[in-house]
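Each chain, written out:
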Amino acid sequence: MIQPLAYIHPQAKIADNVVIEPFVTIHKDVEIGEGTWVGSNSVIMDGARIGKNCRIFPGAVVSAPPQDLKYKGEPSTVTIGDNTVIRECVTLNRGTALDKNTTTIGSNCLLMAYVHVAHDCVIGDNVIIANAVQLAGHINVYDHAFIGGTSAVHQFVEIGAHSMISGGSLVRKDVPPFTKAGREPLSYIGINSVGLRRRGFSATTINEIQEIYRIIFLKKYNVTKALDIIEAEFNPTVERDEIINFVQNSQRGIMKGFGAV
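Remember, predicted model here, so these are calculated numbers, not experimental data.

Draft legend 1. Geometry of the overall build of the protein. Helix and strand counts for the protein stand at four helices and 27 strands. Here the protein has a C-alpha radius of gyration of 20 Å; the compact-globule value for 261 residues is 18 Å, and the two agree. Overall, the protein is about 65 × 40 × 30 Å in size when its C-alpha atoms are taken along their principal axes. The buried share of the protein, taken over its 261 residues, is 49%. Taking the intrachain contacts of the protein between residues at least 6 apart in sequence as the baseline, contacts between residues at least 24 apart amount to 32%. For the protein, the exposed area adds up to about 12,000 Å²; of that, 52% sits on carbon and sulfur atoms.

Encoded structure:
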């Protein structure tokens, strides 16, 4: 259903059962999957690739050119997975040729009102980003992460799977998987045990994750020493190896431990 007061470029690719409300503007190089709803006064710009059964609320701007002075107008994209909700006045900038050439939002995500996702970010599946969170360029947010409202995330930061960041946080360092982060400067405040239980992690696995992070964040070891101890004392598991790989590959360094100065 396309309202007559909407503008859709004749070359845009709109699937069946898409609902486009009045005063929507859809540019030429756009693809929208079946069952998606686009609310009034949204703007879907060139390069948007929107999946099935998404909901895009009024005032959202999808696939605007990046706010990057190095961007020279090259073709690039924003890709949104299936069943993702983009709330009011969210802005999603497309990628740049100097990095991934695309910005990616996964499936089953919720981006609340006034969220900004800058160029070349990669957001995984089942991610929740609360109101007015601001993501700079080149950020990776892994599956099932939660970012609290009004947080600001520095460019190139990595936010691990199943992590949870307190509202109002300034995120300058990487946040490892399965953790909770808060305070200023951003610090480890425990593991996301409630979220892990809800997603079916066993008590044994949760306890092991907690013990691993005690070594990393509470025992006053440097990171290299902590990882050596973890590899020596814990049998390989998916979760152990995910933590080790994340910390080893961190380019900006991980957040502080509890009580660190």
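Draft legend 2. Broad picture of the sheet that holds strand 26 (residues 179–182). Taken in spatial order, the ten strands of this open sheet run 3-6-9-12-15-18-21-24-26-27, and their pairing is mixed. The open sheet has two edge strands, strand 3 (19–20) and strand 27 (187–191), and neither has a second partner. Both strand 9 (residues 55–56) and strand 12 (residues 85–86) contribute to a ladder of two bridges, which runs parallel. Among the inter-strand pairings, Arg55 is bridged to a residue of strand 12, identified as Val85. Strands in contact with helix 2 (residues 203–218) are strand 26 and strand 27; relative to strand 27, the strand with the most contacts, it is inclined by about 160 degrees.

Draft legend 3. Spotlight on unusual backbone geometry. Here the bond from Glu184 into Pro185 is cis, since omega is 0 degrees, no more than 30 degrees from zero. At Asn126, a position not held by glycine, the phi torsion is positive, near 60 degrees. Within the secondary structure layout, Asn126 lies in the loop between strand 17 (122–123) and strand 18 (128–129). Looking at Asn126, the relative accessible area reads 31%, which means it is partly exposed.

Draft legend 4. Looking closely at the pattern of salt bridges. Evaluated as defined, the whole model comprises eight salt bridges. Where Glu211 meets Arg214, a salt bridge forms, and the shortest distance between an N and an O atom there is 2.1 Å. Of this pair, Glu211 and Arg214 both sit in helix 2, separated by three residues, roughly a single helical turn. Between Asp241 and Arg240 there is a salt bridge whose closest N-O contact spans 2.8 Å. Arg240 sits in the buried class, given a relative accessible area of 9%. A cluster of three or more residues bridged by salt bridges with shared partners is formed by Asp29, Glu31 and Arg49.

Draft legend 5. Spotlight on helix 3 (residues 223–233). Every buried residue of helix 3 is listed here: Ala226, Leu227, Ile229 and Ile230. Seen from one end, helix 3 has its buried residues packed into an arc of 160 degrees, which puts them on one side. Turned more than 90 degrees away from the buried face of helix 3 sit Thr224 and Ala232, all of them exposed. Contacts made by the buried residues of helix 3 are with helix 2 and helix 4 (238–248). Between a side-chain oxygen at the N-terminus of helix 3 and the backbone nitrogen of Thr224 the separation is 3.3 Å; the capping residue is Asn222.

Draft legend 6. Quick look at the packing of aromatic side chains. Tallying each qualifying case throughout the model produces six aromatic pairs. Measuring from centroid to centroid gives 5.7 Å for Tyr213 and Phe217, while their planes differ by 20 degrees, and the two rings are stacked. Here the residue Tyr213 and the residue Phe217 both occupy positions in helix 2, the gap between them amounting to four residues, near one helical turn. Exposure class is identical for Tyr213 and Phe217. Each is buried.

Draft legend 7. Representation of the side chain of Ser187. Tracing the sequence through the fold places Ser187 in strand 27. At 2.8 Å, the side chain of Ser187 and the backbone oxygen of Pro185 are in polar contact. Those residues in contact with Ser187, other than ones at most four positions away along the chain, are Lys180, Ala181, Gly182, Met255, Lys256 and Gly257.

Draft legend 8. Focus on the pairing of strand 26. With two bridges connecting them, strand 24 (residues 164–165) and strand 26 associate as parallel partners. Each residue of the ladder has a partner; that of Met164, found in strand 26, is Lys180. Direction of pairing for strand 26 relative to strand 27: antiparallel, over a ladder of three bridges. Considered in strand 27, the bridge of Gly182 is made with Ser187. The hairpin turn running from strand 26 into strand 27, its antiparallel successor, is four residues long, and Arg183 in that turn takes a positive phi close to 70 degrees.

What counts, and where the lines are drawn
Residues numbered from 1 in each chain as written. Predicted model: local features only at pLDDT ≥ 70, side-chain atom pairs only at ≥ 80, totals over all residues. Heavy atoms only, no water. Helix = DSSP H or I, 4+ residues; strand = E, 2+ residues; numbered from the N terminus. Rg over C-alpha atoms; globule rule 2.2 N^0.38 Å. Buried < 20%, exposed > 50% of the residue type's maximum accessible area, 1.4 Å probe, protein only. Contact = heavy atoms within 4.5 Å. Areas by Shrake-Rupley, 256 points an atom, 1.4 Å probe, with all protein chains shown as cover. Pairing = 2+ DSSP bridges. Axes fitted to C-alpha atoms, helices over the stretch in contact; angles between N-to-C directions. Salt bridge = Lys/Arg side-chain N within 4 Å of Asp/Glu carboxyl O. Arc of directions from axis to C-beta. Polar contact = N/O pair within 3.5 Å; in protein donor to acceptor, adjacent residues only side chain to side chain. Phe/Tyr/Trp six-rings, centres within 6.5 Å; stacked < 30°, edge-to-face > 60°.

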